[in-house]
Amino acid sequence: MKVYHGTTTQDIGQPDLSKCRIRTDFGKGFYTTASLEQARKWAVLRQKRLFEKSAYVVEYEIDDAILSSDDFLVLHFEGANEEWLKFVFNNRRGIITEQYDLVMGPVANDSLYATLLLYEQGVLSVEATIAQLKTHTLFNQLSFHTDKALQALKEVRRRKVEGRN
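Cut-off values and rules
Residues numbered from 1 in each chain as written. Predicted model: local features only at pLDDT ≥ 70, side-chain atom pairs only at ≥ 80, totals over all residues. Heavy atoms only, no water. Helix = DSSP H or I, 4+ residues; strand = E, 2+ residues; numbered from the N terminus. Rg over C-alpha atoms; globule rule 2.2 N^0.38 Å. Contact = heavy atoms within 4.5 Å. Areas by Shrake-Rupley, 256 points an atom, 1.4 Å probe, with all protein chains shown as cover. Lys, Arg positive; Asp, Glu negative; His and termini not counted. Charge placed at Lys NZ, Arg CZ, Asp CG, Glu CD. Core = buried A, V, L, I, M, F, W, Y, C linked by side-chain atoms within 4.5 Å. Buried < 20%, exposed > 50% of the residue type's maximum accessible area, 1.4 Å probe, protein only. Arc of directions from axis to C-beta. Polar contact = N/O pair within 3.5 Å; in protein donor to acceptor, adjacent residues only side chain to side chain.

**Student:** I tried to follow the overall build of the protein chain on my own but got confused; where do I start?
**Tutor:** The number of helices and strands found in the protein chain is 5 helices and 7 strands. Mapped in sequence order, the helices and strands of the protein chain form the string β-β-α-β-β-α-β-α-α-β-α-β. A compact globule built from 165 residues would reach a C-alpha radius of gyration of about 15 Å, and the protein chain, at 16 Å, matches this within 12%. C-alpha extents for the protein chain along the principal axes are approximately 45 × 45 × 25 Å. The contacts in the protein chain between residues at least 6 apart in sequence include a share of 82% that link residues at least 24 apart. Summed over its atoms, the accessible surface of the protein chain is roughly 9,300 Å², and 49% of this surface lies on carbon and sulfur atoms. Of the charged side chains in the protein chain, 22 are positive and 22 negative, and the gap between their average positions amounts to 9 Å.

Structural data, given as structure tokens:
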């Protein structure tokens, strides 16, 4: 499977979990997506937010068999559901319930922030939140949370990307 990572760093080298952010959707990890366009958008957004000179997308290969291997603890969400919603909120709050090697599922990106905030404030129920989320295009992400999982990533190429108007 091909996955992509958007960044403002020209040479990532081997991803380093100690440099990854905490309180993210699936917890502290190295995030990739199966969508080249989503990775490009993320890289350009980071470039603008951080006032960086350039944006890049790194393409990786990962063996599909890893996602069903007994050698890795993998959590896979098929879509935005109650289990996914609670997992994302716990991670964003820093509540870690279990450590996984890899987590795969929808991205709770900035365009969904208002809906998620309403859920967090108790304005929307779980059911109403899930229904609202399903009106958005939800991109998939695959995050790597252990050094063992990161070893499965094989860099294929990197490309400089530009924003589109």
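Still more ground to cover, so stick around.
**Student:** Please explain the nonpolar core as it appears in this structure.
**Tutor:** Nonpolar side chains in soluble globular proteins tend to be buried together. In this structure, Phe26, Phe77, Trp84, Leu85, Phe87, Val103 and Leu133 are the most contacted members of the largest nonpolar core, which totals 18 residues. Looking at this core, the elements that each hand over two or more residues are helix 2 (82-92), helix 3 (113-120) and helix 4 (126-133). Once residues lying within four places of it in the same chain are set aside, the contact partners of Val103 are Phe26, Leu75, Phe77, Phe87, Gln141, Leu142, Ser143 and His145.

**Student:** Explain helix 3 here, please?
**Tutor:** The periodicity of an α-helix, 3.6 residues per turn, causes residues three or four positions apart to be oriented the same way. Of the positions making up helix 3, those classed as buried are Thr115, Leu116 and Tyr119. Relative to the axis of helix 3, the buried residues are bounded by an arc of 95 degrees and lie together on one face. As for helix 3, its buried residues are in contact with helix 2 and helix 4. Directly after helix 3, the chain includes Gly122, whose backbone phi takes a positive value near 85 degrees.

**Student:** Explain helix 2 to me, please; I cannot follow it from the model alone.
**Tutor:** Regarding helix 2, the residues found buried are Trp84, Leu85, Phe87, Val88, Phe89 and Asn91. Contacts made by the buried residues of helix 2 are with strand 4 (74-76), strand 5 (102-106), helix 3 and helix 4. The opening residue of helix 2 is Asn81, an N-cap whose side-chain oxygen sits 3.2 Å from the backbone nitrogen of Glu83. In the segment just after helix 2, Gly94 is the residue with positive phi, at about 85 degrees.

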